[in-house]
Amino acid sequence: MSADIRKTMPEGFLWGASTSAYQVEGAAEEDGKKLSQMDILNRGTGFADASVASDHYHRYKEDIALMKECGFTAYRFSFSWSRIFPDGVGEVNPKGLEFYDNLVNELVANGIKPIPTIYHYDMPMALVDKYDGWISRQSVDDFVAYGEFLIRRYGDRIKDWLIINEQSIIVEFWKKKNYVPEKYHGDPQVKFQINHHMNLGQAKISKLIHELVEGGRSGAAIGYSPVYGLDSTPKNMLAMLNAEDLKNHFFLDIYFKGKYPVGAFRYLEEHGMAPVIEEGDMEIIREGMLDFLGVNYYASKCVRFPDADKNELTEAKSNLSGKKGAMGAYEVMPDFYQYMKNPNADTNDWDWTIDPTGMQYLLRDIYQRYEIPMIITENGLGARDVLEDGKVHDDYRIDYWTKHLQAIHRAIELGVDVRGFLPWSFVDVLSTSNGYQKRYGLVYVNRDDEDIKDLARIPKDSYYWYQKVIATNGSHCLEEE
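Counting starts from 1 at the beginning of each chain's written sequence and moves along it residue by residue. Residues qualify for local features only when their pLDDT is at least 70, as the model is predicted, and side-chain atom pairs are given and counted only at 80 or more; totals for whole chains, interfaces and linings, by contrast, use all residues. Excluded from the side-chain calculations are hydrogens and water; all other atoms, namely the structure's heavy atoms, are used.

Enquirer: Give me the lowdown on the overall build of the protein chain, citing residues and values where you can.
Expert: Helix and strand counts for the protein chain stand at 16 helices and 14 strands. For 481 residues, the compact-globule formula gives about 23 Å, and the C-alpha radius of gyration of the protein chain, at 21 Å, lands near that figure. Seen through its C-alpha atoms, the protein chain measures out along the principal axes to roughly 55 × 55 × 45 Å. Working definition: with a 1.4 Å probe on protein chains only, accessible area under 20% of the residue-type maximum means buried, over 50% means exposed, and in between means partly exposed. Expressed as a percentage of the 481 residues in the protein chain, the buried residues total 61%. When contacts within the protein chain are restricted to residue pairs at least 6 apart in sequence, long-range pairs at least 24 apart make up 77% of them. Charge assignment: positive for Lys and Arg, negative for Asp and Glu; neither His nor the chain ends contribute. Lys charges are placed at NZ, Arg charges at CZ, Asp charges at CG and Glu charges at CD. Charged side chains of the protein chain number 54 positive and 74 negative; the gap between the two group centres comes to 1 Å. Helix and strand definitions here come from DSSP, where helices need a minimum of 4 consecutive H or I residues and strands a minimum of 2 consecutive E residues; each element is numbered from the N-terminal end. The size measure is the radius of gyration over C-alpha atoms, and the globule rule it meets is 2.2 Å times the number of residues to the 0.38 power. Two residues form a contact once any of their heavy atoms are found within 4.5 Å.

Enquirer: Give me unusual backbone geometry: which residues, what numbers.
Expert: Omega for the bond connecting W424 with S425 falls within 30 degrees of zero, at 0°, which places this linkage in the cis form. Following the sequence through the fold, S425 ends up in the loop between β12 (418–421) and β13 (443–445). Even without being glycine, D389 reaches a positive phi, approximately 55°. In this fold, D389 is placed in the loop between β11 (374–378) and α14 (395–413). Note on D389: relative accessible area 80%, which makes it exposed. In this structure, N473 is a non-glycine residue whose phi angle is positive, near 50°. Tracing the sequence through the fold places N473 in the loop between α15 (461–471) and α16 (475–478).

Enquirer: Residue-level account of the pattern of salt bridges, with values.
Expert: Opposite charge on two side chains lets them pair, provided their charged atoms get close. Put simply, a salt bridge is a Lys or Arg side-chain nitrogen that is within 4 Å of an Asp or Glu carboxyl oxygen. Tallied over the full model, the rule gives 35 salt bridges. The shortest N-O distance in the salt bridge between D253 and R369 comes to 3.3 Å. Of this pair, D253 sits in helix α10 (residues 234–257) while R369 sits in helix α13 (residues 356–370), and the two are 116 residues apart along the sequence. Its relative accessible area of 5% is what places D253 among the buried residues. Taking relative accessible area as the criterion, R369 reaches 32% and is therefore assigned partly exposed. Between D346 and K324 there is a salt bridge whose closest N-O contact spans 3.2 Å. With D346 in the loop between β10 (337–340) and α13 and K324 in the loop between β8 (301–304) and β9 (332–333), the pair connects residues that are 22 residues apart, well separated along the chain. Taking relative accessible area as the criterion, K324 reaches 48% and is therefore assigned partly exposed. Through salt bridges that share partners, D385, D394, R397, D428, R439 and K460 make up one connected network.

Enquirer: Would you mind going over the pairing of strand β1 (residues 14–18) in detail, with residue names and values included?
Expert: Within β1, five of the five residues are buried, which leaves it mostly tucked inside the rest of the structure. The alternating pattern of β1 places L14, G16 and S18 and W15 and A17 on opposite faces, both of which are buried. As paired strands, β1 and β12 are joined by two bridges and run parallel to one another. Residue pairing in the sheet places W15 in a bridge with F421 of β12. Two strands pair when backbone bridges link them, and β1 and strand β2 (residues 74–78) are joined in this way by three bridges, in the parallel orientation. Residue pairing for β2: A17 is matched across the bridge by Y75. A strand pair is defined by DSSP finding two or more bridges across the two strands.

Enquirer: Which residues make up α10, and what values go with them?
Expert: Helical periodicity: at 3.6 residues per turn, an α-helix aligns residues three or four positions apart in one direction. Take the residue count of a helix, subtract one, and multiply by 1.5 Å to get its expected span. The end-to-end C-alpha distance of α10 is 28 Å, clearly below the 34 Å that 24 residues give at a rise of 1.5 Å each. Extensive coverage of α10 is indicated by the burial of 18 of its 24 residues. G258 sits one or two positions beyond α10 and adopts a positive phi of about 75°.

Enquirer: Before we move on, can you summarise the sheet that holds β9 with the specific residues and values?
Expert: Strands sit in the order β6-β8-β10-β9 across an open sheet of four strands; the sheet is mixed. Looking along the sheet, the strands with just one partner apiece sit at the ends: β6 (227–229) and β9.

Enquirer: Break down the packing of helix α9 (residues 189–212) against α10 for me, citing the residues and quoting the values.
Expert: One way to put it is that α9 packs onto α10 with a least axis distance of 11 Å and a crossing angle of 25°. Of the possible angle classes, the one that applies to α9 and α10 is roughly parallel. In terms of crossing hand, the pair formed by α9 and α10 is right-handed. Residues F192, N195, N199 and Q202 of α9 touch α10, and the partners they reach there are L246, F250, F251, I254 and Y255. Every axis in this analysis is a line fitted to C-alpha atoms, fitted for helices over the stretch in contact. Angles between the N-to-C directions lie between 0 and 180 degrees. Any angle between 65 and 115 degrees counts as roughly perpendicular, while under 35 counts as roughly parallel, over 145 as roughly antiparallel, and the rest as oblique. Should the near helix be turned anticlockwise from the far one by less than a right angle, the crossing is termed left-handed; should it be turned clockwise, right-handed.

Enquirer: Which residues make up the packing of aromatic side chains, and what values go with them?
Expert: Any two rings among Phe, Tyr and Trp, with Trp reduced to its six-membered ring, count as a pair given centres within 6.5 Å; such a pair is stacked if its planes are under 30 degrees apart, edge-to-face if over 60, and tilted if neither. By the definition in use, this model includes 40 aromatic pairs. Ring plane angle 85° and centroid distance 5.8 Å describe the contact between F192 and F250, whose orientation is recorded as edge-to-face. Of this pair, F192 sits in helix α9 while F250 sits in helix α10; the two residues are 58 residues apart in sequence, bridging distant segments of the chain. Pair check on accessibility: F192 and F250 agree, each one buried. Each ring is checked for a lysine NZ or an arginine CZ that lies within 6 Å of its centre and within 35 degrees of its normal; such an atom marks a charge sitting over the ring. When the ring centre of F305 is taken as reference, the NZ or CZ atom of K235 above it lies at 4.1 Å.

Enquirer: How would you explain the side chain of D428 if you had to name every residue and give the values?
Expert: Structurally, D428 is set in the loop between β12 and β13. A polar atom in the side chain of D428 sits 2.7 Å from the side chain of K460. What qualifies as a polar contact is a pair of N or O atoms within 3.5 Å, subject to a donor-acceptor requirement within protein and to the restriction that residues adjacent in sequence count only when both atoms come from side chains.

Enquirer: Provide a residue-level description of the state of the cysteines, including the pertinent values.
Expert: Put simply, a disulfide is two cysteine sulfurs that come within 2.5 Å. Throughout the structure, instances matching the rule amount to zero disulfides. With no disulfide of its own, C70 lies 12 Å from the sulfur of C477, the closest cysteine sulfur.

Enquirer: Tell me about the pairing of strand β3 (residues 113–119), and name the residues and values.
Expert: Here β3 lies mainly inside the structure; six of its seven residues are buried. Pairing between β2 and β3: five bridges, direction parallel. Looking across to β3, one finds that R76 is bridged to I115. Note: β3 against strand β4 (residues 160–165), two bridges, orientation parallel. Considered in β4, the bridge of T117 is made with L162.

And the structure:
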């Protein structure tokens, strides 16, 4: 194929990768930082905790040098709320602020666009102890104060802001992504109330970004799985519609239409799970709608209409063992939908469906509904990578990303506005449920759950492959062999 008609991503397409503060930084109680709820939740899992993680806090310059060598033009990270405000409110921690000043400035100096996430699961534990965190409406005001501080501090260098990471996952795994006191565990309404408070906080911060940042754009990173019906029977197609409404449109309609989808909301009302909405809340949400969407895509989902004997509320439970078929539980919403294994799709060892076609499907579906620009803010394959003779041969990850990038490119060819690819993750990070046995990084971090070792950075085969992809603006993996 001649050079002038080679397949590439659009001009200015952003290339990079993503991490989150509590999964990569470590230094959980250093230099004035206090604990977040994730620091607490990661303890006692049987895997590594977040106290050291991948030690990015002390090694950020080395990490940014590796990003630059790979050719990154963007890096998605998250601010740690409790590193900046150890008590969630009140006095700023100068050492924490110094770290983010240095991180942002180092990225800019190396020609790498900082794309921050303001909140990635890590509510300060001080606010959980004070008023049960996001369960309390007070969380909205405290979150907005934290967000406004960041916007004023970094708005001259950062224009694109992701406000909240994966509200959909926070709702689905509400007791794993929040520290929820036991008194609330039997009340599923609480998870939708948490979500509503997040929507209010996000809308208020979005409005501030528009007001305070010249050329500022607000977004959110959504954990998104397209939902397929088990088959074309009418009931199973109805289950597909129901699941799409409650698992996907329930979030994106708020972000880009300023309202909850009526069918899903009525269902929650019927089952006593709808959030309390106070007068003026929806006006606040409409005043702070978002400009773009970060898409976190790993796997598609499959549903059927619940059988009579399965028609009771069941919450999802992850596969923690990494043995195929060991899924803890599939979610069931009574008389609405029942998740199940897709019999027509392969999975990884943790029962996550491997479905590159789903990437094109969701991008086209989202764009058709909302016509908003998107950035892929997470996409990756968790695996038990093995270090052998100083190298990691992760051909499976290269294959995974190649097929997903080809799906993204086809969506772009068909008119979808996708502006970047920031997969999960840059270096190996602490997996929320699986420690360091489940790795995603372009760069291997030399540690395991039991032994911190030397934390050396070792680029994997996928790192060198990605370097070529970036250098050719995608054509290295888009051209058919």
